[in-house]
Amino acid sequence: MQIHFISDLHLSADRPELTALFEHYLTGPAQAADSLYILGDLFEYWAGDDDLDDPLNHGVAKALAVFAEGGCKVHFMAGNRDFLLSSEFATRARLHILDEPTLIQLGEQRTLLCHGDSLCTDDLAYQAFRNQVRNPAWQAQFLTQPLAVRKQIIAGVRKKSETAKSEKDAAIMDVNGDTVAALLREHGFPLLIHGHTHRPAVHQIEVDGHRCERWVLADWRVEAELASGEVLTWADGKLSRQPL
Ligand code: LP5
Ligand code: MN
């Protein structure tokens, strides 16, 4: 029994090396997995399921569908860049969309999954933005606009976000300890797995006398035209990281 966790691939047409690495992963190491959890930011951005004819989106959905037909159950949780991904993509890619957070069992270990952005509560500007764009009424209104207009708006937001990030203290873009503790308390002190921060690590934390672990997934990236990624694997009762 193997369970895989990945996040923050940020697939985009600009970085074909990443898509190739993802396809290599699906046809290679992922074949050993019984379940795959994609914990958000699979895509650099997702403008709506009506963008499924885009070659990258179509290709990724197809690769996931072929993979799922091999018998692995694939789960997807929204990230801050692909939260508009919805049932049409899910059907096409043969994956199952998860609520955030979701509690699963890894053997005896109760394990809580989230993307991670909701834990970054010191980043007030981001949380205000998040509250706005995660509002279902806002999303419904946004989706009424033509795809090309949505892509233009997203390009503008991405630019603003990059400028905003360059002006933020790195510490406020990490998780807030009290927010993590409150989440773990609420869910009965499980192990926590998330991505988003691009700060892969295992943190040992104590909440109300309970020892918990927080596993942070690595992002996938391209450096000097070389793509690298990572999968977190649960096998033989323990978690380990495999570089790709
Ligand atoms: O993703 P990452 O790690 O680079 O940065 C995030 C936060 N930024 C975002 C924005 C996304 O990166 C870009 C948009 C993705 C597409 C979404 C699709 C559909 C929605 C359409 C939106 C109109 O999530 C960044 C955090 C960082 O993580 C670390 O946690 O700091 O947050 C910001 O930089 C946000 C800014 O601080 C404030 C918001 C700026 C944009 C304001 C534009 C207002 C437009 C009105 C529309 C609602
Ligand atoms: Mn993210």
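Below or above, wherever it landed, is the structure these notes cover. The residue numbering used here restarts from 1 in each chain and proceeds along that chain's sequence as written. By the order in which they are written, chains take letters starting at A while ligands take numbers starting at 1. Residue-level local features of this predicted model are given only where pLDDT is at least 70; pairs of side-chain atoms are given and counted only at 80 or more, and the full residue set underlies all totals for whole chains, interfaces and linings. Hydrogen atoms and water are omitted, and side-chain values are computed over all heavy atoms in the structure.

Comments concerning the pairing of strand E9 (residues 210-216)
Right, on to step 1. Both strand E7 (residues 191-194) and E9 contribute to a ladder of 3 bridges, which runs parallel. By the bridge assignment for E9, Leu-192 is matched with Arg-214.
Right, on to step 2. Here, any two strands with at least 2 DSSP bridges between them count as paired. Numbering goes from the N terminus for both helices and strands, where a helix is a DSSP run of H or I of at least four residues and a strand is a run of E of at least two. Sheet topology note: the strand E8 (residues 201-207)/E9 ladder contains 7 bridges and is antiparallel. Residue pairing in the sheet places Gln-204 in a bridge with Glu-213 of E9.
Right, on to step 3. Between E8 and the antiparallel strand that follows it, E9, lie 2 residues; Asp-208 among them carries a positive phi value of about 50 degrees.

Details of the site of ligand 1
Right, on to step 1. In these notes, residues near a molecule or strand are those with any non-hydrogen atom within 4 Å of it. Taken together, 26 residues are adjacent to ligand 1, and Asn-80, Arg-81, Asp-123, Lys-165 and Lys-168 come closest.
Right, on to step 2. Counted as a polar contact is a pair of N or O atoms within 3.5 Å, where, for protein atoms, one must be capable of donating a hydrogen and the other of accepting one, and residues adjacent in sequence contribute only when both atoms are in side chains. Arg-81 is positioned with one of its side-chain polar atoms (N or O) 2.7 Å from an oxygen atom of ligand 1.
Right, on to step 3. Coverage of ligand 1 by the protein amounts to 88% of the 1000 Å² it exposes when considered alone.
Right, on to step 4. Contributions of two or more residues to the shell around ligand 1 are made by helix H4 (124-133), helix H5 (136-143) and helix H6 (147-167).
Right, on to step 5. At 9 residues, H6 tops the list of elements feeding residues into the shell around ligand 1.
Right, on to step 6. The residue makeup of the shell around ligand 1, split by class, is 15 nonpolar, 4 polar and 7 charged. Surface exposure here means Shrake-Rupley accessible area, sampled with a 1.4 Å probe, where a residue is shielded only by the protein chains that are shown. All amino acids are sorted into three groups, where Ala, Val, Leu, Ile, Met, Phe, Trp, Tyr, Cys and Pro are nonpolar, Asp, Glu, Lys and Arg are charged, and the leftover types, Gly among them, are polar.

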